[in-house]
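# Structural features, examined
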Amino acid sequence: MAKRGVFVVIEGLDRSGKSTQSQRLFEHLQEKTGKARLLKFPDRTTAIGKMIDGYLRSESDLDDRAIHLLFAANRWECAASIERDLLAGTSIVCDRYAFSGIAFSAAKVAVSKSSEGNEVRESILTYEWCKSPDTGLPAPDMVIFLDVTPEVARSRGGYGEERYEKEETQLRVKEQFRKIEQDVVKNFTGIEWWNLDASKSLDEISESIRNLVALPSDGVPANINKMWM
Ligand code: DGP
């Protein structure tokens, strides 16, 4: 039987260079092993992905729970093929996964005014609620989080026009990623979590990622863990 492929997720805030690094790692694994697949979530090409795309561009408005479930469903659409490919020896590089799912939804706040006239921000969805729709998805072997400061993001041309691309939102999302990291490190021994400084040059980051990914490919466990189980 073919040795199982390695499953690597690249996570990070907007403007952290995730998509470039995912592409580079995919090309590296393809060259090294001949069997690699690049995935990106949200996958805007499916029927569910098109609804997500309309929401992100603010062309449609959806209930916060409904859109959260659509993002998760968009990952579930690929779950069986991820598992099949890994077992057939194909390595998978995934640009965002369930970790973005939790971070972006758990970071949502409702803003109201207190009786003194101060702005009050309250979470809309709890962390635990955000975790549950992705429970049971194939879990990656490692998550590489590209850490970028708002200053660096600004120097790269700032955020774009989409719904979450605002500095205040990104800072709250970053806090949620820290919480997820602690959760993974404490409760989920099957996943390695690495933080990389995304302010370095593209080549330096690619090299660090290649060095990290060389480790599990030598000894990937035969079974595939399930998210949060
Ligand atoms: P990208 O195509 O990588 O630029 O991602 C689009 C935006 O969607 C980005 O601001 C992050 C956000 N996002 C990605 N995955 C999820 C998810 O599962 N849930 C939520 N709420 N937002 C997500």
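Residues numbered from 1 in each chain as written. Predicted model: local features only at pLDDT ≥ 70, side-chain atom pairs only at ≥ 80, totals over all residues. Heavy atoms only, no water.

Let's shift gears to the overall build of the chain. Summing up its helical and strand segments, the chain has eight helices and seven strands in all. In terms of principal-axis extent, the alpha carbons of the chain reach across some 65 × 35 × 35 Å. Within the chain, contacts between residues at least 6 apart in sequence are counted, and of these 78% link residues at least 24 apart. Summed over all atoms, the accessible surface of the chain reaches about 11100 Å², with 51% contributed by carbon and sulfur. Counting 32 positive and 36 negative side-chain charges, the chain places the centres of these two groups 2 Å from one another. (Helix = DSSP H or I, 4+ residues; strand = E, 2+ residues; numbered from the N terminus. Contact = heavy atoms within 4.5 Å. Areas by Shrake-Rupley, 256 points an atom, 1.4 Å probe, with all protein chains shown as cover. Lys, Arg positive; Asp, Glu negative; His and termini not counted. Charge placed at Lys NZ, Arg CZ, Asp CG, Glu CD.)

Attention now goes to the UniProt feature "domain: Thymidylate kinase-like" (unreviewed entry) in the chain. If you check UniProt for "domain: Thymidylate kinase-like" (unreviewed entry), the listed places come out as residues 10-209 in our numbering. Secondary structure content for residues 10-209 is 50% helix and 18% strand, and the end C-alpha separation is 10 Å. (UniProt positions renumbered as here; feature names shortened; annotations may be inferred.)

Turning our attention to the nonpolar core. One finds Tyr97, Phe99, Ile144, Phe177 and Ile180 to be the most contacted residues of the largest nonpolar core, which totals 63 residues. Looking at this core element by element, the count peaks at seven residues for helix 3 (residues 64-87). For isoleucine 144, the residues in contact, after removing those within four places along its chain, are Val8, Val9, Ile10, Glu11, Trp194, Leu196, Ile209, Leu212 and Val213. (Core = buried A, V, L, I, M, F, W, Y, C linked by side-chain atoms within 4.5 Å. Buried < 20%, exposed > 50% of the residue type's maximum accessible area, 1.4 Å probe, protein only.)

Next up on the list: the site of the ligand. By nearness alone, 14 residues border the ligand, and Lys40, Arg44, Arg75, Arg96 and Gly101 come closest of all. Arginine 75 places a side-chain nitrogen or oxygen 2.8 Å from an oxygen atom of the ligand. Contact between the ligand and tyrosine 164: a nitrogen atom at 3.2 Å from a side-chain N or O atom of the residue. For the ligand, the protein covers 94% of the area, taking 500 Å² as the surface of the free molecule. The set of elements that each furnish at least two residues to the shell around the ligand consists of helix 3 and helix 4 (98-106). Take the shell around the ligand: its biggest share by element is four residues, from helix 4. (Near = heavy atom within 4 Å. Polar contact = N/O pair within 3.5 Å; in protein donor to acceptor, adjacent residues only side chain to side chain.)

On to the environment of leucine 29, then. Note that leucine 29 resides in helix 1 (residues 18-33). Linking leucine 29 and arginine 84, residues 55 residues apart in sequence, is a C-alpha distance of 18 Å. Excluding residues that lie within four positions of it along the chain, leucine 29 makes contacts with Gly34, Ala36, Ser91, Val93 and Val213.

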